[in-house]
Amino acid sequence: MKIVILTGAGVSAESGLGTFRDKDGLWTKYDLAEVATPEGFARDPVKVHDFYNARRANAAEADPNPAHYALARLASQFAGEVVLITQNVDDLHERAGQDAIHMHGALTRAKCAICDARWQAPLQMSAAAPCPTCSEPATRPDIVWFGEIPEFMDEIDMHLTTTDLFVAIGTSGQVYPAAGFVAEAARAGAATLEINLEPSDISGLFDARRIGPASEAVPAWVDDVLKGVKFQG
Ligand code: OAD
């Protein structure tokens, strides 16, 4: 049996990292067009770096919570295959001991806007820092911004069309292509489950849902899967 899991900001909320669209979410305090688009970066790279330097500092201070650890436990103890895709740019899944496919990039990586070279990001990045490969002062966070194509989409499509169960955790289902994963997996025959603090806007597309904070709902679901509970809704 294969399980494909998609996580969003809600899985890291109880680690103290802000979500985007909840009350007090990041997009209520910052203008998305200014800090999360290539055009915004071209206009004001210092502002964009300030935004991601703050995100990187928050993530470095945060610790994985019981949801991250439960998913790592599932990956190591489940008899079948577990694939983890995350929209999150923090590294809390990795620090809980689990590799994730980072479809929206990672705060820990830097990228050259000119030659596309990638390297380990320092805690504080600056646009003026020269690229280690081409020396151009065009350093940007290795984050997928609005208007850019998410990473690893071929690999993700392959997993979505070959999975038995698709589970979305802590994501509002408002950003594509990730919001379309449930339909893609269902079309290919997968059962689908949403785990979220409250039903998301696309909750009705899932076969079942578990409502609650990720730190409680995810470990409880993982316990059921490892006990062999047949349908995990
Ligand atoms: P959102 O902020 O849009 O949604 C967070 C979801 O998590 C909401 O449905 C909340 O109800 C839920 N949630 C909040 N706290 C929770 C908790 N403790 N336990 C469980 N669920 C909880 O975040 P995403 O869906 O991840 O992209 O956003 C998707 C993308 O939009 C992000 O990757 C980012 C953003 O703009 C880029 O920056 C490219």
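Before going into details, it helps to say that this report is about the structure given with it.

Conventions and cut-offs
- Residues numbered from 1 in each chain as written.
- Predicted model: local features only at pLDDT ≥ 70, side-chain atom pairs only at ≥ 80, totals over all residues.
- Heavy atoms only, no water.
- Helix = DSSP H or I, 4+ residues; strand = E, 2+ residues; numbered from the N terminus.
- Expected span 1.5 Å × (residues − 1).
- Contact = heavy atoms within 4.5 Å.
- Pairing = 2+ DSSP bridges.
- Axes fitted to C-alpha atoms, helices over the stretch in contact; angles between N-to-C directions.
- Phe/Tyr/Trp six-rings, centres within 6.5 Å; stacked < 30°, edge-to-face > 60°.
- Buried < 20%, exposed > 50% of the residue type's maximum accessible area, 1.4 Å probe, protein only.
- Lys NZ or Arg CZ within 6 Å of the ring centre and 35° of its normal.

1. A word on helix α9 (residues 214-227)
Right, so step 1: Taking 1.5 Å per residue as the helical rise, α9 with its 14 residues ought to reach 20 Å, and the 19 Å between its terminal C-alpha atoms agrees with that figure.
Right, so step 2: On its buried face, α9 is in contact with β1 (2-7), α5 (66-77), β7 (165-169), β8 (191-196) and β9 (208-211).
Right, so step 3: In the segment just after α9, G228 is the residue with positive phi, at about 85°.

2. Overview of the sheet that holds strand β5 (residues 118-120)
Right, so step 1: Across the sheet, which stays open at both edges, the three strands sit in the order β5-β4-β6 with antiparallel pairing between neighbours. Edge positions in the sheet fall to β5 and β6 (139-143), since each has one partner strand and no second. Strand after strand, the sheet turns through a mean of 45° between neighbouring axes, direction not considered.
Right, so step 2: With five bridges joining them, strand β4 (residues 105-112) and β6 adopt antiparallel strand pairing. By the bridge assignment, K111 is partnered in β6 with R140.
Right, so step 3: Sheet strands in contact with helix α4 (residues 45-61) are β4 and β6, and its direction is about 50° off that of β6.

3. Quick notes on the packing of aromatic side chains
Right, so step 1: One pass over the full model with this rule turns up seven aromatic pairs.
Right, so step 2: When the ring of Y30 is compared with that of F51, the centres are 4.7 Å apart and the planes differ by 70°; the resulting orientation is edge-to-face. Pair noted here: Y30 is in the loop between α1 (26-29) and α2 (32-35) and F51 is in helix α4, with a separation of 21 residues, a long-range link.
Right, so step 3: By relative accessible area, which is 33% here, Y30 ends up partly exposed.
Right, so step 4: Taken together, a centroid distance of 5.3 Å and an interplanar angle of 40° make the contact between F41 and W145 tilted. Placement of the pair is F41 in helix α3 (residues 38-43) and W145 in the loop between β6 and α7 (153-160), with a sequence separation of 104 residues. In terms of burial, F41 and W145 fall into one category: buried.
Right, so step 5: One aromatic cluster is present, built from ring pairs that chain together F20, W27, Y30, F41, F51, Y52 and W145.
Right, so step 6: Lying over the aromatic face of F51, R55 brings its terminal NZ or CZ to 4.6 Å of the ring centre.
Right, so step 7: The ring of W145 carries R140 above its face, with NZ or CZ at 3.8 Å from the centroid.

All we've got here are geometric facts, nothing functional implied.
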